[in-house]
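# Notes for the structure review
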Amino acid sequence: MRKILSSTGVAAGAAALLMTATGTATAAPVSWSMPGGQGSTYGSVQFNNRSVGITGEVQSHISGCIQTTFQTYPGDGFETRTTCDYSTRGFNFTMSTDFPGGASWVQVTLVHINDNGTDEWLGARTMDRP
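Residues numbered from 1 in each chain as written. Predicted model: local features only at pLDDT ≥ 70, side-chain atom pairs only at ≥ 80, totals over all residues. Heavy atoms only, no water.

### Details of the state of the cysteines
Quick note on the threshold: Only a pair of cysteine sulfur atoms within 2.5 Å counts as a disulfide in this structure description. Secondary structure elements are defined from DSSP: runs of H or I of at least 4 residues count as helices, runs of E of at least 2 residues count as strands, and each element is numbered from the N terminus. Each residue is placed in one exposure class: buried if its accessible area under a 1.4 Å probe, protein chains only, is under 20% of its type's maximum, exposed if it is over 50%, and partly exposed if it falls in between.
Taken as a whole and judged by the stated rule, the model has one disulfide. Here cysteine 65 is linked by a disulfide to cysteine 84, with a sulfur-sulfur distance of 1.9 Å. Disulfide cysteine 65 to cysteine 84: torsion about the S-S bond roughly 100°, handedness right-handed. Placement of the pair is cysteine 65 in strand E4 (residues 65-73) and cysteine 84 in strand E5 (residues 78-84), with a sequence separation of 19 residues. Cysteine 65 gets classed as partly exposed once you look at its relative accessible area, which sits at 22%.

### Here we look at the pairing of strand E8 (residues 119-128)
Selection criterion: Note on pairing: two strands pair once DSSP finds at least 2 bridges between them.
Taken together, the nine bridges between strand E7 (residues 105-113) and E8 define a ladder with antiparallel strand orientation. Along E8, the bridge assignment pairs valine 111 with tryptophan 121. Taking the residues that link successive antiparallel strands as the turn, the E7-E8 hairpin has five residues, and the phi of glycine 117 there is positive, at about 95°.

### Here's the deal with the environment of valine 106
Mapping valine 106 onto the fold places it in strand E7. Overall, valine 106 belongs to the buried group, its relative accessible area being 0%. C-alpha separation for the pair valine 106 and arginine 125, spaced 19 residues apart in sequence, amounts to 8.4 Å.

Right under this line is the structure:
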């Protein structure tokens, strides 16, 4: 007679299931695109269990600075990337959201940094966790 399940097979199956449930990537990346006159930003967010991976670029189409900000929720992580004077800056970084499940959403905001240090809002996108 053949044994269908063994304790080793059950343990291996449970370990595989646990690894799948707690792995880093949870879904395909979510993309954003904010083209504009003064500046633009493009990229994607990869939602992970306790972090988000962010890849993209910010472009300045003016003689001045354009800034992209990233905010996570929950966790209230905050990062910025800035470029100035008709240039492009690429980025690839990870934001920690150190609690089970990670971030529910990431908001990307594009602003023009004025000479006096204030900023002018150019647009925003919110990417929800798939």
